[in-house]
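Next come the chains, spelled out residue by residue.
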Amino acid sequence: MNDLELWYDKPAAVWTEALPIGNGRVGAMVFGDISRERLQLNESTFFTGGPYAPLNREAHANLDEVRRLIFAGKYREAEDLAHAKMMGSPYLQMSFQPVGDVWITFHHAMVAHNYRRSLDLDSAIATTVYEAGGVRYRREALASAPGDLIAYRVTPEVRGRLHIDVALSSPQPGAGGIVDDNTLLYLGTNRREQGVEGALTFGFGARILAEGGELTTTPDTMRLRAGDSALILIDAATSYRRYDDVSGDPRAAIEARFEKAAAIAYNQLRDAHAVEHRRLFRGLSADFGTTSAASLPTNERILANTARHDPALAALFLQYGRYLKISSSRPGTQPSNLQGLWNEEVRPSWGSKYTANINLEMNYWLPDPANLAECFEPLIEMVEDLAQTGRETARVHYGASGWVLHHNTDLWRATAPVDGPQWGLWPMGGAWLCAQLWDHWTFSEDPALIERIYPLMKGAAEFLCDYLVTAPDTGFLVTCPSLSPENQHPFGSSLCAGPTMDNQIIRDLFNGVTEAAGRLGRDEAFGAKLAAMVARLAPDRIGRGGQLQEWAEDWDLDVPEPLHRHVSHLYGVYPSWQINLDDTPDLARGARRSLELRGDDATGWGIGWRLNLWARLRDGHRAMAVLNRLLSPDRAYPNLFDAHPPFQIDGNFGGAAGIVEMLVQSRRGQVRLLPALPDEWKEGSIRGVRARGGTLVDVTWRDGLLREVILQSKAYRQTRVSYRDQRIDLTLFAGRPVTLVWSENGFAVAEESAGMAR
Ligand code: FUC
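### Here we look at empty space enclosed by the protein
Here is step 1: The full count for this structure, using the stated rule, is four cavities of 30 Å³ or more.
Here is step 2: Its boundaries defined by the atoms lining it, the largest cavity holds a volume of some 80 Å³.
Here is step 3: As for the largest cavity, its lining consists of 14 residues, of which Gly22, Ala124, Ala143, His273 and His277 are closest to the centre.
Here is step 4: For the lining of the largest cavity, the secondary structure elements donating two or more residues are β2 (19-22), α4 (266-281) and α6 (311-328).

As structure tokens, then:
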């Protein structure tokens, strides 16, 4: 039994049963049908539309009036005016598109025996094996990062028994055809949306490299008869280079990659792929115990999870999250979008783009603690773009300096408010992303990274310096207009001034900018100005229900949707550390109350967020209950994709991050072990968790109690290690792992261990 495998005894009948592969840029869903294989393809830069800037030149002139209405409590009027005058144009953004499908028809017996379809997370290879007509067939699909394409290999056990047809189809405008006798290509253009003309050309195709047999090609099909085996190279590309440059040549790119891959043996391509994947994937291992449930096919494990104890399913879900991150986010590719890299719809839910009021951020909670820091890179690259496009939006919409992103963006780095003021008029997306970049920095404390992210953070702070206004009644500095994503308050709107989440994000951002400026020896006066502004923000407050107030006013108990999926004001608990059990116990109690009022059920990502929150509140029992919701058939499809519903990948990433958070939490200079270990996970280990400061942590527990921890730092560092109510202060030296053994008497430092047993 392979505990790093998803497997099934049937082909995928629907998309959410198919298995995802990807190299960050190009991805496929593999169905494994016996007679007609389907690979549904995506390319990370294939969106509708073209370079555009959705600015509304009327917005600024209406800002003061919208503010006045909000401060006068006329929220509906404010919303109507904002709807008419302050939204971006177009009103919606561009959407992520499927490029097309590769179909492989197998001419052999229609009935298969001993069928098994699997995805091995450790090698990142999707395999289908079965017997048909007395012959055993093996299919392998992989998306190679070094080769930068997809390889599909079919081998019958008996030579000469491979008869296949390869064809392409696409839901996009364009045409396919033969390039030469072993290559088919489909070339086309992307669609127009919301009045933004399509400006991308794209292509995808397949090249067949057969051993033995005879290949004939008609204008739309490559036919192999009596082959010994076949390697089908598959690739897709677009003309996208940057949000303002679409001059790429997709056909040339595809052909060059085909040439390169055709020049090496399949085994070499496969090995290079697996080695590169493992370089990242093997950085963390997890074992929460195994029961007999683990021997079932993955779809049956999900169905059984509520009834049968299956701790290995949680470990698999964690590792699947890491697999999906590596497969949808590598340096140089687009960040993981709402569906990662996998979308078959021409009109996907929410455009399968990037929602920045929780979803995009949640997509990047996992890589740092799960030892995949490199996979964070595309998010930094995206913020670098947004800091450019968001400058015009800040200036035109608000007459402000710096840069702004509202609650959504797309391939073209659109930054204006969209969808409607009740969702879109939230000027905090860029600020949140920058606070997250700063948190990312705290994991490595790499000086070169500060140089890179400081200008981005500074620009986001400059915008807020101009945007914040003094509330006439309280004198606090507030964002206005804003909202607490996407929750309506009792006065028929979500528009308001100074919601709790905004204050919390601003604190993290401004404190980060001030510290970064200090470390760089720059902008001393600006840093001091931000520190003074932080002091003028409203503090977090406890309302009449004992809850942490979501808004400046105590509205929480009167809202129309008390069980709302967003828990924005709990940003302070997670991902931030502003509210925590050690330093702000009263606020932490209020946050707990808020969480109880909200309830544990939500969309997939909503549950994922709650999981992290219960973990930070050190409640292993509640965390486990919430995690089981995520691993139930209501929230997990047969392929373990998270169900918002429909499929949205943030639940996978947020859920996986939450599992790590149950076991190891870190703040700067502090590591807390097993803060929310559930009773169900009696014995286990997690190795390779990365703490803030860059320390790698390996933890083992027995009988529900900490047994041993190994800490390994790349640099000299002081760290406080806590478990329950005990703690120890350690000095770590580069390359010298320290092993601590725990007993009821507390921690003891073991002989320095020779190295990490990973
Ligand atoms: C936010 C959420 C929705 C959905 C969308 C993509 O608007 O409120 O639930 O996840 O993003």
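So much for the structure itself; the text now carries on.
### Digging into unusual backbone geometry
Here is step 1: Note that the residue after Ser89, namely Pro90, is joined by a cis bond; omega there is 5°.
Here is step 2: In this fold, Pro90 is placed in the loop between α2 (75-85) and β5 (96-106).
Here is step 3: The omega torsion across His644 and Pro645 is -15°, close enough to zero to call that bond cis.
Here is step 4: Position of Pro645 among the secondary structure elements: in the loop between α16 (620-630) and α17 (650-663).
Here is step 5: In this structure, Leu640 takes a positive phi of about 70° despite not being glycine.

### Some words on the layout of surface pockets
Here is step 1: Approximately 670 Å³ is the volume attributed to the largest pocket.
Here is step 2: What lines the largest pocket is a set of 37 residues, and nearest its centre among them are Asp439, Pro575, Ser576, Trp577 and Arg692.
Here is step 3: At eight residues, helix α10 (residues 429-444) tops the list of elements feeding residues into the lining of the largest pocket.
Here is step 4: Among the residues making up the lining of the largest pocket, the classes are represented as 16 nonpolar, 10 polar and 11 charged.

### A few points about the pairing of strand β10 (residues 162-169)
Here is step 1: Examined bridge by bridge, β5 and β10 share six bridges and lie antiparallel to one another. When the sheet's bridge partners are listed, Phe106 is paired in β10 with Ile164.
Here is step 2: As paired elements, β10 and strand β15 (residues 221-227) share five bridges and run antiparallel to each other. Residue Ala167 lies in a different strand from β15, and its bridge partner there is Thr221.

### Quick notes on the site of the ligand
Here is step 1: Around the ligand sit Leu338, Trp350, Thr355, Asn359, Glu486, Arg565, His566, Trp605, His644 and Gln648, and that is every residue in its neighbourhood.
Here is step 2: At 2.4 Å from an oxygen atom of the ligand is found a side-chain nitrogen or oxygen belonging to Glu486.
Here is step 3: In this structure, an oxygen atom belonging to the ligand sits 2.7 Å away from a side-chain N or O atom of His644.
Here is step 4: Summarising the interface, the protein chains cover 97% of the accessible area of the ligand, which totals 290 Å² for the free molecule.
Here is step 5: Of the residues contributing to the shell around the ligand, the split by class is three nonpolar, five polar and two charged.

### Observations concerning the packing of aromatic side chains
Centre-to-centre distance and the angle between the planes together describe a pair of aromatic rings.
Here is step 1: What the rule picks out here adds up to 31 aromatic pairs.
Here is step 2: With centroids separated by 5.1 Å and ring planes inclined at 80°, the aromatic side chains of Tyr398 and Tyr467 adopt a geometry described as edge-to-face. Here Tyr398 is found in helix α8 (residues 377-398), whereas its partner Tyr467 is found in helix α11 (residues 447-467), with 69 residues between them in sequence.
Here is step 3: By relative accessible area, Tyr398 is classed as buried at 5%.
Here is step 4: Tyr467 sits in the buried class, given a relative accessible area of 1%.
Here is step 5: Their ring planes at 25° and their centres at 5.2 Å tell us that Phe463 and Tyr467 sit as a pair that is stacked. With Phe463 and Tyr467 both in helix α11 and four residues apart, this pair spans about one turn of that helix. An identical accessibility class is assigned to Phe463 and Tyr467; each is buried.
Here is step 6: One Lys or Arg, Lys325, reaches over the ring of Phe653 and ends 4.1 Å from the middle of that ring.

How each quantity is defined
Residues numbered from 1 in each chain as written. Predicted model: local features only at pLDDT ≥ 70, side-chain atom pairs only at ≥ 80, totals over all residues. Heavy atoms only, no water. 1 Å grid on protein atoms, 1.4 Å probe; cavity = no way out; pocket = protein on both sides within 12 Å on 5 of 7 lines; lining within 4 Å. Points joined across faces, edges and corners; volume = space filled by probe spheres on them. Helix = DSSP H or I, 4+ residues; strand = E, 2+ residues; numbered from the N terminus. Nonpolar A, V, L, I, M, F, W, Y, C, P; charged D, E, K, R; others polar. Pairing = 2+ DSSP bridges. Near = heavy atom within 4 Å. Polar contact = N/O pair within 3.5 Å; in protein donor to acceptor, adjacent residues only side chain to side chain. Areas by Shrake-Rupley, 256 points an atom, 1.4 Å probe, with all protein chains shown as cover. Phe/Tyr/Trp six-rings, centres within 6.5 Å; stacked < 30°, edge-to-face > 60°. Buried < 20%, exposed > 50% of the residue type's maximum accessible area, 1.4 Å probe, protein only. Lys NZ or Arg CZ within 6 Å of the ring centre and 35° of its normal.

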